[in-house]
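The residues making up each chain are set out below.
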Amino acid sequence: MTFQLLPLEESDVPNMMNLIWEAHNGEERFKVLYTNGRTPEIRAHQIKQILDEWREHPERHKYMKVIDTALPDDDPLGKLVGTSHWDFRAHERTAADLAEQEKKRANPAPPPPGVNVEAGKAVRKSINDAREMLAGSKAHVYLVGLSTRPSYHRKGVGSLHLRWGLGEADRLGLPSYLSATHMGVPLYKKHGFETVAPFKLDPEMFGEDSPLNGECMYRPARPATAT
Ligand SMILES: CC(C)(COP(=O)(O)OP(=O)(O)OC[C@H]1O[C@@H](n2cnc3c(N)ncnc32)[C@H](O)[C@@H]1OP(=O)(O)O)[C@@H](O)C(=O)NCCC(=O)NCCS
């Protein structure tokens, strides 16, 4: 086996963003959000947002990578074959936490040209509402994102991430939640998640069958050895 699961490093973030774009079939999936495609300005803005959020709350945001050590040193994605982003909210949220969150959501950094601002707001609102509905103020683990490089699908890369994240959740005794794309649902079911509700973006803006639609899912904490 040439796969290694490791913590992602800041220097991996640009490659991670390219991998996510590839894994989500970027042009097709994100065309409502980015009217001229993913320009260098949009790419730089996304990388900055990730790094800012990560540096602000390193105790919460955990990024993992799977690399294929057999890939050549000049691999265009730096040998990354899968990445995941987990938000460990280890304590119940206080009124001060909620106020900070409201303030942030009310004042997002202005996006670069080419971003459909209304569509971006609608996506964020759907994701935030789903998370509120699922977890409320409770302590929990939230899988923010999981992507496998398309040429590595169905080789166990996603499962390596899930075993790690759910192992951590069990060690901390926390339930886990996520909003899955339809593509991710079978993998999450295999790892013990159950569907709580559908996840659907505004059909007028994104179409009835947006590839970003899916299911809101939950997995209770388990004794630390089982996944
Ligand atoms: C969803 C995704 C992360 C799965 O990653 P992966 O590395 O291929 O997953 P694994 O190889 O670990 O799959 C493990 C098991 O999950 C199930 N599974 C995974 N992908 C599946 C698919 N497309 N269809 C049916 N079952 C699937 C299978 O049971 C699989 O085991 P098997 O291959 O032995 O049958 C990957 O398809 C992806 O990146 N998709 C695009 C981005 C996306 O939608 N991410 C999810 C966001 S919530």
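Computed from a predicted model, the values in this text were never measured in an experiment.

Undergrad: Can you walk me through the overall build of the protein in this structure?
TA: Looking only at helices and strands, the protein has eight helices and seven strands in total. Here the protein has a C-alpha radius of gyration of 17 Å; the compact-globule value for 227 residues is 17 Å, and the two agree. When the backbone C-alpha atoms are referred to their principal axes, the protein occupies close to 50 × 45 × 35 Å. Relative to its full complement of 227 residues, the protein shows a buried share of 26%. Within the protein, counting contacts between residues at least 6 apart in sequence, those at least 24 apart form 79% of the total.

Undergrad: Would you explain the site of the ligand in this entry?
TA: Looking at the ligand, there are 20 residues lining it, with T148, G158, S159, G184 and P186 nearest. Counting residues per element, the ones that place at least two in the shell around the ligand are β4 (140-148), α6 (157-172), β5 (176-181) and α7 (185-190). Residues that form the shell around the ligand fall into these classes: seven nonpolar, ten polar and three charged.

Undergrad: Whenever I open this one, the nonpolar core confuses me. Can you help?
TA: Generally speaking, nonpolar side chains in soluble globular proteins are found buried as a group. Formed by 20 residues in total, the largest nonpolar core has its most connected members in V141, L178 and M217. Of all the secondary structure elements, the ones that give two or more residues to this core are β3 (80-89), α5 (117-135), β4, α6, β5 and β7 (214-219). Here this core gets four residues from one element, more than from any other, and that element is β4. Among all residues touching V141, those that are not within four sequence positions of it are W86, F88, G165, A169, L174 and S176. In this structure, L19, L80, V157 and L160 belong to the second largest nonpolar core, which totals ten residues.

Undergrad: Is there a simple way to think about unusual backbone geometry in this case?
TA: Most peptide bonds take the trans form, and the phi angle of most residues other than glycine is negative. Of note, K79 is a non-glycine position whose phi angle comes to about 70 degrees, a positive value. Relative to the elements of secondary structure, K79 occurs in the loop between β2 (61-68) and β3. For R154, which is not glycine, the phi torsion reads 60 degrees and is therefore positive. Looking at the element boundaries, R154 is found in the loop between β4 and α6.

Undergrad: What is the right way to read the UniProt feature "domain: N-acetyltransferase" (unreviewed entry) in the protein from this model?
TA: Per the UniProt record, "domain: N-acetyltransferase" (unreviewed entry) is annotated on residues 137-193. Along residues 137-193 one finds 39% helix and 26% strand; the C-alpha atoms at either end are 20 Å apart.

Undergrad: Looking at this structure, I do not really get the pairing of β3. What am I missing?
TA: A regular strand carries its side chains on alternate faces of the sheet. Burial of β3 is extensive: eight of the ten residues sit out of reach of the surface. As defined by bridge partners, β3 adjoins β4 across eight bridges and the pair is classed as antiparallel. Across the sheet, residue D87 finds its bridge partner in β4, namely Y142.

Undergrad: Is there a simple way to think about the environment of I20 in this case?
TA: Structurally, I20 is set in helix α1 (residues 13-23). Given 18 C-beta atoms within 10 Å, I20 falls into the partly exposed group. In the structure, I20 is positioned 126 residues away from L146 in sequence and 8.2 Å away in space, judged by C-alpha atoms. With near-sequence residues (within four places) excluded, I20 lies in contact with T83, G145 and S147.

Undergrad: What exactly am I supposed to notice about the sheet that holds β2 here?
TA: Note: strands within a sheet are paired through backbone hydrogen bonds, in either parallel or antiparallel orientation. Strand order in the open sheet formed by seven strands is β1-β2-β3-β4-β5-β7-β6, and the pairing between neighbours is mixed. Unpaired on one side and paired on the other, β1 (3-7) and β6 (194-199) mark the two borders of the sheet. Averaged over neighbouring strand pairs, the angle between their axes works out to 25 degrees when direction is ignored. Strands β3 and β4 of the sheet are contacted by α1, whose axis makes an angle of about 100 degrees with β3.

About the thresholds
- Residues numbered from 1 in each chain as written.
- Predicted model: local features only at pLDDT ≥ 70, side-chain atom pairs only at ≥ 80, totals over all residues.
- Helix = DSSP H or I, 4+ residues; strand = E, 2+ residues; numbered from the N terminus.
- Rg over C-alpha atoms; globule rule 2.2 N^0.38 Å.
- Buried ≥ 20, exposed ≤ 12 C-beta atoms within 10 Å, placed from the backbone.
- Contact = placed C-beta atoms within 7 Å.
- Near = placed C-beta within 6 Å.
- Nonpolar A, V, L, I, M, F, W, Y, C, P; charged D, E, K, R; others polar.
- Core = buried A, V, L, I, M, F, W, Y, C linked by C-beta atoms within 7 Å.
- UniProt positions renumbered as here; feature names shortened; annotations may be inferred.
- Pairing = 2+ DSSP bridges.
- Axes fitted to C-alpha atoms, helices over the stretch in contact; angles between N-to-C directions.

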